[in-house]
Structure formats: structure tokens, C-alpha cells
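Coordinate inspection notes
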Amino acid sequence: MLLPPYLLESIAIRGSEQEARIAQETLRHDAALRAARAVGGARPGAAADAGTPGRANRVIHDARSTETLPGTQVRAEGEPATGDAATDEAYDGLGATWTLFFDAFGRDSLDGRGMQLLGTVHFGQNYANAFWDGQQMVFGDGDGERFNRFTASIDVIGHELTHGVIEFTAGLRYQGQSGALNESISDVFGSLVRQQSRAETAETADWLIGAELFTDLVQGDALRSMIAPGTAYDDPVLGKDPQPAHMDGFVHTTSDNGGVHINSGIPNKAFQLAATALGGNAWERAGQVWFNALTGGQLRPDCDFATFAQLTIDAATAIDAKTQAAVEQAWAAVGVAPGVAEVPATAPLAANTKLHLTRSGGFAGITKERDFELSELSEPDAEGWQRLVGGSELNDLSRVSEMHPDGFVYHVACDQVPLEVQLPEPALPAAVKELFQRTLG
Ligand SMILES: [Zn+2]
């Protein structure tokens, strides 16, 4: 999935009624798809044909605003442009991705054996996402307000197809640090597809992911920035880009599969630094190092940042001393010590973590609110909040809870985690309700 759940949730909370409905539908759809994938629910009969070795073999389908895959075939390899922008962008983007992997790294398609590249455009109605479903690429047309069609950014196509390459190679688990590496490696090769197709060097590239996705309504340049993680957007509805660029800002969260779209900013920045230090075309030196680390057989599904850093340094050392130095310095600059796992699986929230709690709604319309730090509370209450904010319960509760007319509603927000949820009082477990009431006093 290109769009992380926290971004869609932000739209569901702050967007217009129409947008909120679309965001919720997309979230529901994504959750169902993830659940189906988790239990191995591949579509039957969709196994891709082997193509011609050494040549791209693309087929584009049109779902015609339904969610039926793959849809009607509209353009096959070698056929002329159709005039439909999404179809032709998907065809070109699949081709540019195939070209990067084949020309730069000698890999023939996602599986290394010339697998056919299948894409479906015009998926669903107002569907604001793009994804690799384990068999093929799927592109939505955007929500008609904040997001353009998802074929518009060639790096998005490269990103999604790289998830396919990762599935065929290291199989990085989509959770925590290994999940953030999965996201980062997809951004790295997605960006390289864009840079190669535009003949940009490490110095001239903008290092943005999804620069064409946002409409003018959004205050932001792109979905992510590899050169300056955390600065891609800052918008009243979408919120602020939550990516850290250094281990000091590593985000501990259970949402977004443990922050896979958030902490990927750290290895993204390491790649950009290494590529810029080496200079020239980023796919030639730094890209080769990352590709060798990905496909060298040493990268395990549960790999963490430190281990991945060591694997890239080993791959760089095999090239030459200059490459080794550039890669070592890049990881040092983002605070990752190679080969040493320095991040515990779950870290408690700091005592100075700031939280905001509001109780509003209700027949009489009385609002109570409080901004507080955990250190201001009694020890048992501070621990209660740590468990709630550090765990997934609040997010889970907010997803399944119906709003009740005239019922009290709690709003809980925390910038550091990040967390922002609305919870109807009647849906809360008694212990949580009592904690909230004690906190408000
Ligand atoms: Zn992704």
C-alpha cells in the first residue's frame, strides 16, 4: 500500500464528509486486503505467464471503476498508446521499472525470470491508493479532491513493483524495522526508476516520492522526501509528514504495522547520503550496493536496521574503499550502528510525553479538556496511559466504535507517537473510562 493508514485516518477525521467516507472505504478495503494476504489469499488462476527472457512483457487491464481484477485487457506489450492517461502511464512506468532492474542490475523482471508485468488501472471508485497484491499492480484514480490518479508518479509504480522484487528475494516481514526496510527499499528503487527515466544524477534529483500525487488543495510537495524526511507535507487535513531522518527520532508505535511508513525515513536518508557522496547516477554505485545487499542471500525476513547497514557495508566493501567509506558514513550520519541491534522491541513512553484529552458532546454540551505530561499523573495512571498510547487498543477502539447521538466523545491526541483518536464514551471499557475521568479531574 502506498498510502499509510495514519494518513487515511487523518482524512477520515479532518476531511470533508465526502472525503471522510472515501478514506474510510479505502481503509476498510486495505484492511480486508491485508487480512486476505495474511492468510495467503492469493487470487486463483491469476498466476502470471512467463514472458520473453530479456524483454519486458507488460499487460495493462482496465477495471472500469469496479474492484474486479484483473479487468478488461486494454494494452499489451508493443501495442501503441491508447490515449487513456492512466493506461499509458502504467504501461510506461512498468517498462521503466523493468528497464532499471534489467539494465542496471541484470535482473529480468520481478522474479528474475522474465515474469509478465500485469497492471490494472481505474480500480474502484475514488480509490486513493496503489498496491501490489502479490500477483499484479493495482492503481486507483484518486479521491477526486486531494489525490490525483496513482499512475501519475513513476516512482510510485517503481515502489510498488519493488515490493514484488522483495517478495521474490529477501521476503522482508512487513512489521517493525524489517517492515520499514521493506518500505525504504521500495522507495529507493522507486526513486531510482524516476531518476533514470529523467536522466537525473544524485545531485540533481529531488528525491521525492509521489510528487505528482497531491492536488493543489494539499499543502505539500510529495508523500515522502528521501533527502529531508519529515518535510514532504504539512497540511490541515493530512497532518504533517511524520518521518524521522535519524535514529534519535525513531517512532515507537503499533499503528501502521509498527511505523513501517514512518521509520523508513531513516534508511531512506542513509541511501540518499551514500548516493550523493558517491556522486553521478545513483543507480550505478549506491543502487548496486543496495541491490547486492537485497539479493545477496544474507538478508533475512526479520532483518533490523543495524543488520541491513552491515550488509550494505559488506556489499560496498566488495566494490572498493571509496564506496565502503561513503556507505559507512551515511549510516553513521543517521545514527545507525552497523551490526548492533540498538532498539528494543518496545520502548516505554518518556515521562515528558505530552498528551491532549478532551471530553465533548453530550446533551448539555459541556466540554472538559486537559493538556498534560505523563509525569503530572499518579504512577498507576501514568502507567495506564503508557499502555494505552503505546499499544493499539485506542486505535482499534476508534475503528470499531459507532458514534452515538448526544453521547460523550473523548478525543485523545499525542504528537510524539503520533496518535489522534475519537472515542465514544459508551464504547469504552470501564477501566479506560475511569482513567479518562480521573485525568480530567
Ligand atoms: Zn509500500
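Treat the numbers as computed from the prediction; the structure is a model and nothing was measured.

Moving on, we come to the UniProt feature "active site" (unreviewed entry) in the protein chain. Per the UniProt entry, the sites bearing "active site" (unreviewed entry) are E160 and H261 in this numbering. The named residues occupy 102 residues along the chain; their greatest pairwise C-alpha distance, 13.3 Å, places them in one compact cluster. Relative to the helices and strands, E160 is located in helix 4 (residues 154-168). For E160, a relative accessible area of 0% translates into the label buried. Engagement of the side chain of E160 in a polar contact is seen with the backbone nitrogen of W132, the distance being 3.3 Å. Along the chain, the position of H261 falls in the loop between helix 6 (256-259) and helix 7 (265-278).

Below, the discussion takes up the packing of aromatic side chains. Applying the stated rule across the entire model yields 21 aromatic pairs. Between F123 and F131 the ring centres are 5.8 Å apart and the planes differ by 85 degrees, which places this aromatic pair in the edge-to-face class. There is no split in this pair, since F123 and F131 are both buried. When the centroid spacing of 4.9 Å and the interplanar angle of 65 degrees are considered together, the rings of Y410 and F436 count as edge-to-face.

Formed by 92 residues in total, the largest nonpolar core has its most connected members in F189, W290 and W331. Element by element, the count of residues in this core is highest for helix 3 (residues 85-105), at nine residues. Excluding anything up to four places from it in sequence, W331 contacts P267, A270, W290, F308, A309, T312, I313 and V336. Core analysis: the second largest hydrophobic core is formed by 23 residues, L349, C414, L423 and L440 among them.

The next point concerns the pattern of salt bridges. By the definition in use, this model includes 16 salt bridges. We note a salt bridge from R285 to D320, for which the minimum N-O separation is 3.4 Å. Placement of R285 in the loop between helix 7 and helix 8 (286-295) and of D320 in the loop between helix 9 (305-317) and helix 10 (321-333) is noted, with a sequence separation of 35 residues between them. The exposure class of D320 is partly exposed, given its relative accessible area of 30%. A salt bridge links E373 to K354, with the shortest nitrogen-to-oxygen separation between them at 3.3 Å. Here K354 lies in strand 10 (residues 354-361) and E373 lies in strand 11 (residues 368-373), a separation of 19 residues in the sequence.

All right, on to the sheet that holds strand 12 (residues 408-414) then. Taken together, the four strands give an open sheet; going across it, the order is 11-10-12-13, and neighbouring strands pair in antiparallel fashion. Looking at which strands have only one partner, the edges of the open sheet turn out to be strand 11 and strand 13 (419-424). Here the average twist between neighbouring strands, direction ignored, is 10 degrees. In terms of strand pairing, strand 10 meets strand 11 through six bridges, oriented antiparallel. Bridge pairing links L357 to R370 in strand 11. Contacts from helix 11 (residues 379-390) reach strand 10, strand 11, strand 12 and strand 13, with the element oriented near 85 degrees to strand 10.

Further remarks concern the side chain of N263. Along the polypeptide, N263 turns up in the loop between helix 6 and helix 7. The exposure class of N263 is buried, given its relative accessible area of 1%. Once residues lying within four places of it in the same chain are set aside, the contact partners of N263 are A180, P244, F250, V251, G258 and F305.

Moving on: the environment of E19. Mapping E19 onto the fold places it in helix 2 (residues 17-38). A sequence separation of 125 residues divides E19 from G144, and the C-alpha atoms of the two residues are 8.9 Å apart. For E19, the contacting residues outside a window of four places in its chain are I11, D143, E145 and R146.

With mixed pairing, five strands are arranged side by side in an open sheet as 2-1-3-5-4. The sheet is open, and its two edges are formed by strand 2 (72-76) and strand 4 (130-132), each paired on a single side. Between one strand and the next, the sheet's axes are offset by a mean angle of 20 degrees, whatever the strand orientation. Relative to strand 5 (residues 137-140), strand 4 runs antiparallel, the two being bridged by three bridges. Residue pairing in the sheet places W132 in a bridge with M137 of strand 5.

What counts, and where the lines are drawn
- Residues numbered from 1 in each chain as written.
- Predicted model: local features only at pLDDT ≥ 70, side-chain atom pairs only at ≥ 80, totals over all residues.
- Heavy atoms only, no water.
- UniProt positions renumbered as here; feature names shortened; annotations may be inferred.
- Helix = DSSP H or I, 4+ residues; strand = E, 2+ residues; numbered from the N terminus.
- Buried < 20%, exposed > 50% of the residue type's maximum accessible area, 1.4 Å probe, protein only.
- Polar contact = N/O pair within 3.5 Å; in protein donor to acceptor, adjacent residues only side chain to side chain.
- Phe/Tyr/Trp six-rings, centres within 6.5 Å; stacked < 30°, edge-to-face > 60°.
- Core = buried A, V, L, I, M, F, W, Y, C linked by side-chain atoms within 4.5 Å.
- Contact = heavy atoms within 4.5 Å.
- Salt bridge = Lys/Arg side-chain N within 4 Å of Asp/Glu carboxyl O.
- Pairing = 2+ DSSP bridges.
- Axes fitted to C-alpha atoms, helices over the stretch in contact; angles between N-to-C directions.

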